[in-house]
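# Structural features, examined
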Amino acid sequence: MLAKYETNETQGQVVQTQDVLLQRAVQRIYNNSPFYRTKLDKAGISPGEIRTVEDLDSVPLTDKEELRLEYPLGLMAVPEEDVVRIHSSSGTTGKPIIVPYTKRDVQIWAEMMARSLELAGVKGRDRVQVTPGYGLWTAGTGFQAGVEHLGAMAIPTGPGNTEKQLEMMTDLGTTVLIGTSSYGLLLAEEIKKHNLNDELRLKIGIFGSERWGDKMRRRIEDILGIETFDIYGLTEIYGPGIAIDCAVHKGLHYWSDHLLFEIVDLDTGRQLPPGVEGELVITTLTKEGMPLLRYRTHDITRIHLEACSCGCPYPRIDRILGRTDDMFKVKGVNIYPGQIDHVLSLTKEIGSEYQIILTRVEGKDSLLIKVEGLAGAEDGRLALKCQRNIKTRIGILANVEVVLYGSLPRSEKKSKRVFDLRDQGL
Ligand code: ZN
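Residues numbered from 1 in each chain as written. Predicted model: local features only at pLDDT ≥ 70, side-chain atom pairs only at ≥ 80, totals over all residues. Heavy atoms only, no water.

### Examining the sheet that holds strand E21 (residues 399–404)
So the rule is basically this: Any two strands with at least two DSSP-identified bridges between them are counted as paired. Strands are runs of DSSP state E lasting at least 2 residues, helices are runs of H or I lasting at least 4, and numbering of each runs from the N terminus. Lines fitted to the C-alpha atoms define the axes, with helices restricted to the stretch that makes contact. Angles between their N-to-C directions range from 0 to 180 degrees. Contacts between residues were defined by any pair of non-hydrogen atoms, one from each residue, lying within 4.5 Å.
Spatially, E21-E20-E19-E22 is the arrangement adopted by the 4 strands of the open sheet, whose pairing is mixed. Unpaired on one side and paired on the other, E21 and strand E22 (418–420) mark the two borders of the sheet. For this sheet the average axis-to-axis angle between neighbouring strands, irrespective of direction, equals 20°. Here strand E19 (residues 350–361) runs beside E22; their pairing, made up of 3 bridges, is parallel. When the sheet's bridge partners are listed, Ile 357 is paired in E22 with Phe 419. Together, E19, strand E20 (364–373) and E21 form the strand contacts of helix H11 (residues 379–394), whose direction differs from that of E21 by roughly 140°.

Rendered as structure tokens:
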């Protein structure tokens, strides 16, 4: 059972009860979204039946694949004249997902982002360097809108060109750095290498879009002498800025007046109570352009409803603990173990067992794949062949090591094949 958010007085003042928002949202989504009207009709659910968060448990989940099938604008739930912008997911494993936004969607997103920045301590006098990408990608534009909404100064460098980044950072006296954690680390290492620390005025780092452990966090904070904040979001639900950690750093507050978070059991898909780990599922409460009901994020976390000592009345989730699927990201490319598996299967001279080992060398991702050579095959040539196949099919450069047949561990249960060591031994 999910408790409601009006359990303490402060929360009640700021956060409306989600049940009322939910009822309105479900009715509106049913009326306006042909996709959801069909989906709910098929499930035999009339929108009036969904009165509480608990009632949502009977509503079927929505997965990314369903959105892909509606490419490009099948999920649009407003007349086209109301759409002011689209963004798109990266689409590395098929067609991207196109997300239409209305004027109000764009405003609400900017408000949520501004709240996020404020919670991280960003103020009107701050100078905020925005290093995520602009364009179809949501991050750059989303951060910039939030910075402007807050009234701080955006320095929209976008990604890459480290030298230019450092020049802007020192010349303009950037106080807040926004980016992916790996780019944050790369910049930190560069700053250390060039001994630029004394010329910097950085105070705050806001990083997101990938999982980053405490070890990496400490490393960035120590080198730059800043406090860092973990920001969360996904393209299908606005983009970044739907949750962020506060100065207490015990979970990320999320904006429950616009978004309803549920945690579901990985196997059964049933709702789980607060405090229990499972998959995060999100329902948009106020989104117009592309509203979503029970969207599966595939991110593993927990919900916390108890008050946070920072005083922010919004509920929290834990930092993302992992992904339901074993997807990993190398040099910005999303990779599934299944893809590696498939490519390796093209090479007859190796066994079926393999290990994927991810490390970070000097701030850059490194991918090592261990495979077993069958008798008679020449290791060097074999490694090169696998490497070439991976480069051609997946588009990334991997180191391949051929080990003795039978030397990789076997397990009767599912073997652990992916070892992400990027947060350790930096
Ligand atoms: Zn807090």
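### Digging into the packing of helix H5 (residues 103–119) against helix H6 (residues 138–150)
The condition is simple: Any angle that is under 35 degrees is reported as roughly parallel, and any over 145 degrees as roughly antiparallel; angles of 65 to 115 degrees are reported as roughly perpendicular and all others as oblique. The nonpolar class holds Ala, Val, Leu, Ile, Met, Phe, Trp, Tyr, Cys and Pro. Asp, Glu, Lys and Arg form the charged class, and all remaining residues, Gly among them, are polar.
Packing of H5 against H6 brings their axes to within 7 Å, and their N-to-C directions diverge by 75°. The angle between the axes of H5 and H6 places the two elements in the roughly perpendicular class. Here Trp 109, Ala 110, Glu 111, Met 113, Ala 114, Leu 117 and Glu 118 of H5 lie close against H6, whose contacting residues are Thr 138, Gly 142, Phe 143, Ala 145, Gly 146, Val 147, His 149 and Leu 150. The residue inventory of the contact of H5 with H6, partitioned by class, reads 9 nonpolar, 4 polar and 2 charged.

### A short note on the sheet that holds strand E13 (residues 295–301)
One open sheet accounts for 5 strands, arranged E11-E10-E12-E13-E16; its pairing is antiparallel. Two strands in the sheet have a free side with no partner beyond their single neighbour: strand E11 (271–272) and strand E16 (322–323). Pairing analysis gives 2 bridges linking E13 to E16, with the strands arranged antiparallel. Residue pairing in the sheet places Ile 300 in a bridge with Gly 322 of E16.

### Brief notes about the packing of aromatic side chains
The test is simple: Any two of the Phe, Tyr and Trp rings considered here, Trp counted by its six-membered ring, make a pair once their centres fall within 6.5 Å; the pair's planes then place it as stacked at under 30 degrees, edge-to-face at over 60, or tilted in between. Buried residues are those whose accessible area, probed at 1.4 Å on protein chains only, stays under 20% of the maximum for their type, while exposed residues exceed 50% and partly exposed ones sit between those limits.
Summed over all chains, the structure comprises 4 aromatic pairs. Between Tyr 101 and Trp 109, the ring centres sit 5.4 Å apart and the planes meet at 20°, which makes this aromatic pair stacked. Under the relative-accessibility criterion, Tyr 101 is labelled buried at 0%. Overall, the relative accessible area of 2% leaves Trp 109 in the buried class. Ring centres 5.0 Å apart and planes at 85° place the aromatic pair Trp 255 and Tyr 314 in the edge-to-face group. Of the two residues, Trp 255 sits in the loop between strand E9 (252–254) and strand E10 (259–264) while Tyr 314 sits in the loop between strand E14 (303–304) and strand E15 (316–317), which places them 59 residues apart along the sequence.

### Notes on the pairing of strand E5 (residues 176–180)
Across a regular strand the side chains alternate sides, sitting on one face of the sheet and then on the other. Heads up, the rule is: Here, the term right-handed applies to a crossover whose path from the first strand over the helix to the second runs clockwise when the strands point away from the viewer.
For E5, the buried fraction is high: 4 of the 5 residues fall into the buried class. The pairing of strand E3 (residues 127–130) with E5 spans 3 bridges and is classified as parallel. Of the residues in E5, the one forming a bridge with Val 128 is Val 176. The pairing of E5 with strand E6 (residues 204–208) spans 5 bridges and is classified as parallel. Each bridged residue has a counterpart across the sheet, and for Gly 179 the counterpart in E6 is Phe 207. Following the backbone out of E5, through helix H8 (residues 181–193) and into the adjacent parallel E6, one traces a crossover that is right-handed.

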